[in-house]
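Working through the structure, step by step
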Amino acid sequence: MARPDTPAAGAGITVVDGSQTRPLRADARRNRDRVLEAARTAFGAEGSDVSLDEIARRAGVGAGTVYRHFATKEALFEAVVFDRIGELVEEARALSDDPDPGRAFSSFVERLAREGALKRDLVEALAYDGVHLQLGEAPIVRALTDVLAELLRRAQRAGAVRSDISVDDVVALLTGAAYSICHSRADDEQTRRLLAIMYDGLRADRTAEDV
């Protein structure tokens, strides 16, 4: 199964069981890119329930083409979700320079929740649910948790976020909020309201006695 320390999904190589093969021909690379694009859309909208055959149909390629690049649905799911998580990790790292730790933490929490509400594959990854039961052990997923934990610690030291919560608490809240928003098909206003309610429970002026 491909791991996040292998080359990025768009890098013109084939990765099979963690091993690197020769560079792909241009036509094979285009087919692989089409499969990845179809998978991003399908997994984002419907989660990991989408079959490889359905992704092949949406990509306009034969099922054999998909299987040549991704031997299992888990491998394709990982390629898509690791790329998505990698972008979020970079965004979070950029926020570590924000002089307002509370603002940095709240903006990233909202970003994660909104992204999870729009992309079911991401919220499944955060919940370690679906086809990817080993995702919690993946370095890129740990990197996301670590960078979120650092933003949380900075916000707590600044007195913006309550001190009695952990990063696991935050991930649980984010996952629950994203699932709720996704399945209720909330509009922008309802989404904003739900996220405000969630974040209200994280603020430093809220204590355990208040809830």
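Summarised in this report is the structure supplied together with it. Just so it is clear, the structure is predicted and the values come from calculations on it, not from any experiment.

Here is what the cut-offs are and how they apply
Residues numbered from 1 in each chain as written. Predicted model: local features only at pLDDT ≥ 70, side-chain atom pairs only at ≥ 80, totals over all residues. Heavy atoms only, no water. Helix = DSSP H or I, 4+ residues; strand = E, 2+ residues; numbered from the N terminus. Buried < 20%, exposed > 50% of the residue type's maximum accessible area, 1.4 Å probe, protein only. Contact = heavy atoms within 4.5 Å. Areas by Shrake-Rupley, 256 points an atom, 1.4 Å probe, with all protein chains shown as cover. Phe/Tyr/Trp six-rings, centres within 6.5 Å; stacked < 30°, edge-to-face > 60°. Axes fitted to C-alpha atoms, helices over the stretch in contact; angles between N-to-C directions. Parallel < 35°, antiparallel > 145°, perpendicular 65-115°, else oblique. Left-handed = near helix turned anticlockwise from the far one by under 90°. Nonpolar A, V, L, I, M, F, W, Y, C, P; charged D, E, K, R; others polar. Salt bridge = Lys/Arg side-chain N within 4 Å of Asp/Glu carboxyl O. Core = buried A, V, L, I, M, F, W, Y, C linked by side-chain atoms within 4.5 Å. Domains from an automatic or database assignment.

What follows covers the overall build of the protein chain. In terms of regular secondary structure, the protein chain is built from nine helices and two strands. Walking the protein chain from its N terminus toward its C terminus, one meets helices and strands in the order β-β-α-α-α-α-α-α-α-α-α. Among the 211 residues that make up the protein chain, the fraction classed as buried is 42%. Relative to all contacts within the protein chain whose residues are 6 or more apart in sequence, the contacts with residues 24 or more apart total 66%. Summing over all exposed atoms, the protein chain offers an accessible surface of approximately 10600 Å²; the carbon and sulfur share of this is 49%.

For the coordinates displayed, the defined rule picks out two aromatic pairs. When the centroid spacing of 6.2 Å and the interplanar angle of 45° are considered together, the rings of Phe 105 and Tyr 199 count as tilted. Placement of the pair is Phe 105 in helix α5 (residues 101-118) and Tyr 199 in helix α9 (residues 188-200), with a sequence separation of 94 residues. Neither residue differs from the other here; Phe 105 and Tyr 199 are each classed as buried.

Where α5 contacts α9, the axes come no closer than 11 Å and their chain directions differ by 130°. Considering their axes alone, α5 and α9 lie oblique with respect to each other. Viewed along their axes, α5 and α9 form a crossing whose handedness is right-handed. Taken together, the residues of α9 that come into contact with α5 (itself represented by Gly 102, Phe 105, Ser 106, Val 109, Glu 110, Ala 113 and Arg 114) are Thr 191, Arg 192, Leu 195, Met 198 and Tyr 199. Class assignment of the residues belonging to the contact of α5 with α9 gives a composition of six nonpolar, three polar and three charged.

So, on to the pattern of salt bridges. Scanning all chains against the criterion turns up 17 salt bridges. Between Arg 40 and Glu 37 there is a salt bridge, and its shortest N-O distance comes to 3.5 Å. One end of the pair, Arg 40, and the other, Glu 37, are both in helix α1 (residues 26-46), three residues apart, so they sit about a helical turn from each other. Exposure remark for Arg 40: the relative accessible area of 24% places this residue in the partly exposed category. Residue classification places Glu 37 among the partly exposed positions, given a relative accessible area of 45%. Here Arg 153 and Glu 150 are joined by a salt bridge, their closest N and O atoms 2.9 Å apart. Remark: Glu 150 and Arg 153 occur in helix α7 (residues 139-157); sequence separation between them is three residues, near one turn of the helix. Each of Glu 46, Glu 54, Arg 57 and Arg 58 takes part in a single network of salt bridges with overlapping partners.

α5 packs onto helix α4 (residues 73-95) with a crossing angle of 165° between their chain directions and a minimal axis gap of 10 Å. In terms of axis orientation, α4 runs roughly antiparallel to α5. Crossing hand, α4 versus α5: right-handed. Contacts between α4 and α5 involve Arg 84, Leu 88, Glu 91, Ala 92 and Leu 95 on the former and, on the latter, Ala 104, Ser 107, Phe 108, Arg 111, Leu 112 and Glu 115.

With that settled, the discussion passes to the nonpolar core. Grouped together as the largest cluster of nonpolar side chains are 57 residues, with contacts concentrated most on Ile 55, Leu 76, Ile 85, Phe 105, Leu 144 and Leu 148. When contributions to this core are tallied by element, the ones reaching two or more residues are α1, α2 (52-59), α4, α5, α6 (120-127), α7, α8 (167-184) and α9. Built from parts of two domains, this core gets at least three residues from each of domain 1 (26-71) and domain 2 (81-203). Non-local contacts of Leu 144, meaning those with residues more than four positions away in its chain, are made with Ile 85, Leu 88, Val 89, Phe 108, Leu 112 and Leu 126.

Its location among the elements puts Ala 63 in helix α3 (residues 63-69). Under the relative-accessibility criterion, Ala 63 is labelled partly exposed at 30%. Considering only alpha carbons, one finds Ala 63 and Leu 52, eleven residues apart in sequence, at a separation of 7.2 Å. For Ala 63, the contacting residues outside a window of four places in its chain are Asp 53 and Ala 56.

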